[in-house]
Every structure is written in structure tokens, then in C-alpha cells.
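# Architecture and fold: a report
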Amino acid sequence: MALISCPECGHSISDKALSCPSCGYPINISTTIPAQSTSKRTPKKRRKLPNGSGSIKHLSGKRSKPWAAYPPVKEFTLTGSPILNIAIGYFKTYDQAYQALMLYNSTSSGVKQSSISLSDLYATMLSNHNGAVSPQYLNITFAELYDQFFESKYEKSKKKLSNASRNSTKAAFNNCKKLHDRKFADLRKADLQDIVDTCPLKHSSLELIVSLFKGMYAYALQNDIVEKDYSQFVTINIPDDDESGVPFSQEALDILWKHSNIENVGMILLMIYTGFRITAFKTIKYNTTEQYFQGGVKTAAGKNRIVPLHPVIQGFAKTFSDTYCSGNKTFSSHTFRAEFYTTLDSLGLLTSTAGTKHTPHDCRHTFSWICDKYKIDDLSKHLLMGHSLGNDIEKSVYGHRTLEELRTEIEKIKVPNFK
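Attention here is on the structure that accompanies the text.

Calculation rules
Residues numbered from 1 in each chain as written. Predicted model: local features only at pLDDT ≥ 70, side-chain atom pairs only at ≥ 80, totals over all residues. Heavy atoms only, no water. Helix = DSSP H or I, 4+ residues; strand = E, 2+ residues; numbered from the N terminus. Buried < 20%, exposed > 50% of the residue type's maximum accessible area, 1.4 Å probe, protein only. Areas by Shrake-Rupley, 256 points an atom, 1.4 Å probe, with all protein chains shown as cover. Salt bridge = Lys/Arg side-chain N within 4 Å of Asp/Glu carboxyl O. Expected span 1.5 Å × (residues − 1). Contact = heavy atoms within 4.5 Å. Pairing = 2+ DSSP bridges. Axes fitted to C-alpha atoms, helices over the stretch in contact; angles between N-to-C directions. Phe/Tyr/Trp six-rings, centres within 6.5 Å; stacked < 30°, edge-to-face > 60°. Parallel < 35°, antiparallel > 145°, perpendicular 65-115°, else oblique. Nonpolar A, V, L, I, M, F, W, Y, C, P; charged D, E, K, R; others polar. Patch = residues over 30% accessible without salt bridge, like charges linked within 9 Å, V, L, I, M, F, W, Y side chains within 5 Å. Lys, Arg positive; Asp, Glu negative; His and termini not counted. Charge placed at Lys NZ, Arg CZ, Asp CG, Glu CD.

## Focus on the overall build of the chain
Counting its regular elements, the chain contains 15 helices and eight strands. Counting over 419 residues, the chain shows a buried share of 38%. Of the roughly 23600 Å² that the chain leaves accessible, carbon and sulfur atoms contribute 51%.

Structure below.
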């Protein structure tokens, strides 16, 4: 007789054993199955969980760890349905989930539930049972994960990002000090939302915080540090205070149309006569048959809205689509922002009538001004710009416009012909 290591749990066992006495993994199963039955192997029977020890579920979809282990149910709804607790962990095999539950129950029976975190418990289980995930990942703090995320995004990536992007990410991290020492795996939506709700800074700073959350969770998911992205549920609950701007004057519009053949001018006019923000063009969809753009960012009302294209800008839309929507090139708002300023400067249009520097967002303000100038009805303007209808119950419930009705309003706009 000799000692061997169990392939499942790593414990030393006899080479004559039929199964591991620690985890139940079959060792010499071939000796109990006749040779003629090898073509139709009997599926391995999973060990049944003891009553009251919890449950194990196989999760749908492609997952590296599809087996979820849940602690015993303690609460029920008014109708008697069980309320499932948060999983204590996710595992590659049923046996690993089984071991976790056994350890959970043996540990929780001797201590109060609140005196040990699930991450600590899971880390202990992994260190003792040869788990698939390193305990250092389960115990990693928000600050430690941030360091890894920052290095991955800015130091190791072949894509060189600007210093402004680096500084924005660092600023967002500094505004999350309450989370720095928290274990990342223990965080929930309420923890993230609290950071956003209690931050006294402007809307733009809150956007950076939410963006940081999304980036860190994407990194954590890719590295099996968490199983769920709570950042997707975080919202900014204050009005957007970054909407200030100055529209282009009619004289400036005339100059842009006179030079519409110059590179980037067509793109500027496309932004002016659709009202989309510059970042929306990263994912904009172009319907060539019905001639409209669909997309948008920021608000629920603004996302995926449809804006019919005025006939005079349909050529610019095709150029944009051929360049970016075909997959040949990725639209970069950062790159175009620089080209925007260079182009306006070359035409002598960099300064607005208010004496401020024109920004890409001024194109959206120009669209709003044009809508008012050519008496586009109020509801259509709100729908075209993706504005929330707020507490206006009549508009929010009964306010609808068909594509053709919106197109009729858009074509009220008069455009000078300098050909």
C-alpha cells in the first residue's frame, strides 16, 4: 500500500481506497465497474447536502465558476416562498461548492453570523481546500484593486491615454476615500451609491466616479475577483450642471456652410443639426434607408433616441458612416475635440459672441437655438434632444411623435445654399 494525493482536495490517501475519505472523490472506480460497461459510464452521483445546510445551484451561461453555494434559508415571504441569501461563493465544481457549505456551516455554528465576513470565510475555505481562486483576490481592498486597474489601464496598455485622463481617474479615486480600505468583494450597490449621493462636487465629477466604478468592476470581472457588476446600478441623482454653452451665431453658421468641403467642418455641421453630444458618436447607429441617427448618452430619455437627418446633412452622415460605422476606424471624441478647435481657429470662429471659447457642446446649444428659431414644436424639440419630460405628466404619458412627424419638424429648418 502507498499514499497518493487526492486529485480533488489534495489530501493524502491510500492508493487502494475506492474514494477519498475527506471529500468523497472516487479513486479506484474502474475496479468496481466491469470492463464491458466502460462505453456507457454511469454519471458520478453528487453527494446530497444534509438537510438545513443550504443549497447549491448551477448558474446559466458560460462561467468559469458556474456552481453557486447558498447558506441555509432563514427568512420567507408573506406567501411562504423562501428568500435566498447572497451566495457565499462561486466554484468550478459541485464538490468545491459542497465543501464550502460544509465549512460555512461548521464555522457559523460556532460563531455569530455577524462576526465573520463571507470573504474571510471563503478565503479560509480556499486556503484549506485547494480552491481555484487565490485568497489574495478575495481579500483585496478597493485601493489595492484600484492600483492594479490603474496599472493595467495606463501603464501596461499599448493604448496611450492622455495625462488628463490619468488625472481624472486619480481624482475620482480620491473622492472615494470611504471605500479605500473596504474589501472589494464585500461592496454592494448601496456602498457605491452612497459615495455618489454624498459627494458635494459637480455633475462632471460624479460622472468620473461612476466611470471609475465601471472600469474597476470590468477589470474585477475579467480577473474573477467578483461575480456581479454593481456599478451598473449606480445613478447620479442631481441635475446635470454641465449644460452651459453659447450657440454659434448665424454669421458663424454661414461661414461653416461656405467651407463645408473642408475636413472636419462636415462633422461639426452634423453635430449642430442633430444635437447629439460628441461622445454619442462613438456608438451612433445610422439607418441609411430611413435616414436617421439613433443613439445618445447621459440620460434615460436621451439614450437610443431617433433624430431624422435633414436632407442637407445626409451627405455628411454617409461620410461619417463610411469612416467610422463600417468598422474601419474608431471614432475618438478626444481626437475630434482637438481637431474641432483647430478647424474653428483656421476659420476664425474659435471665439463665441460672448467672448468665450467655442466647445463641442456649443453645437448642441446651436441645435436648440435653431429649433426655437424655426418654431419646431416644444415636444418634438424635447424628443429630438433627449430631454427628460420631468413632471409634465401629459407630455410624458401622451407625448408621442412618429418618425415622419419628427422629420417634418426637422425639415422646417432653413439652411443657406452657398454652392
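## Considering the pattern of salt bridges
Evaluation of the coordinates by the stated rule reveals eight salt bridges. A salt bridge links Lys381 to Asp372, with the shortest nitrogen-to-oxygen separation between them at 3.0 Å. By relative accessible area, which is 11% here, Lys381 ends up buried. Residues Glu404 and Arg407 are paired through a salt bridge, measuring 3.4 Å at the closest nitrogen-oxygen approach. Pair noted here: Glu404 and Arg407 are both in helix H15 (residues 403–410), with a separation of three residues, about one helical turn. Taking the relative accessible area as the measure of exposure, Arg407 reaches 12% and is therefore buried.

## Regarding helix H12 (residues 361–373)
End to end, H12 covers 19 Å across 13 residues, agreeing with the expected 18 Å (1.5 Å per residue, within 8%). Residues of H12 that are buried include every one of His361, Asp362, Cys363, Arg364, Thr366, Phe367, Ser368, Ile370 and Cys371, and no others. Contact partners of the buried residues in H12: helix H8 (250–258), helix H9 (265–272), strand E8 (305–308), helix H11 (333–346), helix H13 (378–385) and H15. Directly after H12, the chain includes Lys375, whose backbone phi takes a positive value near 55°.

## Quick notes on the sheet that holds strand E3 (residues 55–58)
Across the sheet, three strands lie side by side as E3-E4-E5; this open sheet has antiparallel pairing. With one partner strand each, in any of the chains shown, E3 and strand E5 (89–91) form the two edges of the open sheet. Taking each pair of neighbouring strands and ignoring which way they run, the sheet shows an average axis angle of 30°. By the bridge criterion, three bridges tie strand E4 (residues 67–70) to E5 in an arrangement that is antiparallel. Each residue of the ladder has a partner; that of Ala69, found in E5, is Gly89.

## Examining the packing of aromatic side chains
Taken as a whole and judged by the stated rule, the model has 24 aromatic pairs. Plain terms: the ring middles of Phe281 and Phe331 are 6.2 Å apart, the flat faces sit at 50° to each other, and that makes the pair tilted. One end of the pair, Phe281, is in the loop between H9 and strand E6 (285–287); the other, Phe331, is in the loop between helix H10 (314–325) and H11, with 50 residues separating them in the sequence. In this pair, the class of Phe281 matches that of Phe331, namely buried. Each member of the aromatic cluster is reached from another via a ring pair, and the members are Phe276, Phe281, Tyr286, Phe293, Phe320, Tyr324, Phe331, Phe336, Phe340 and Tyr341.

## Looking at the packing of H9 against H11
For the pair H9 and H11, interaxial distance at closest approach is 10 Å and the crossing angle is 105°. With respect to each other, H9 and H11 are oriented roughly perpendicular. Contacts between H9 and H11 involve Val265, Met267, Ile268 and Met271 from the first element and Phe336, Phe340, Thr343 and Leu344 from the second. A per-class count over the contact of H9 with H11 returns seven nonpolar, one polar and no charged.

## A short note on a negative patch on the surface
Where like charges cluster on the molecular surface, the negative patch consists of Glu144, Asp147, Glu151 and Asp181. In this structure, Asp181 sits in the loop between helix H5 (163–174) and helix H6 (189–198).

## A word on the pairing of strand E7 (residues 292–295)
One ladder, built from three bridges, connects E6 with E7; its direction is antiparallel. Paired with Lys285 across the strands is Gln294, a residue of E7. Two successive antiparallel strands, E6 and E7, enclose a turn made up of four residues, where Gln291 displays a positive phi of approximately 55°. Of the strand pairs in this sheet, E7 and E8 are connected by four bridges, and their pairing is antiparallel. Bridge pairing in E8 places Gln294 opposite Ile306.

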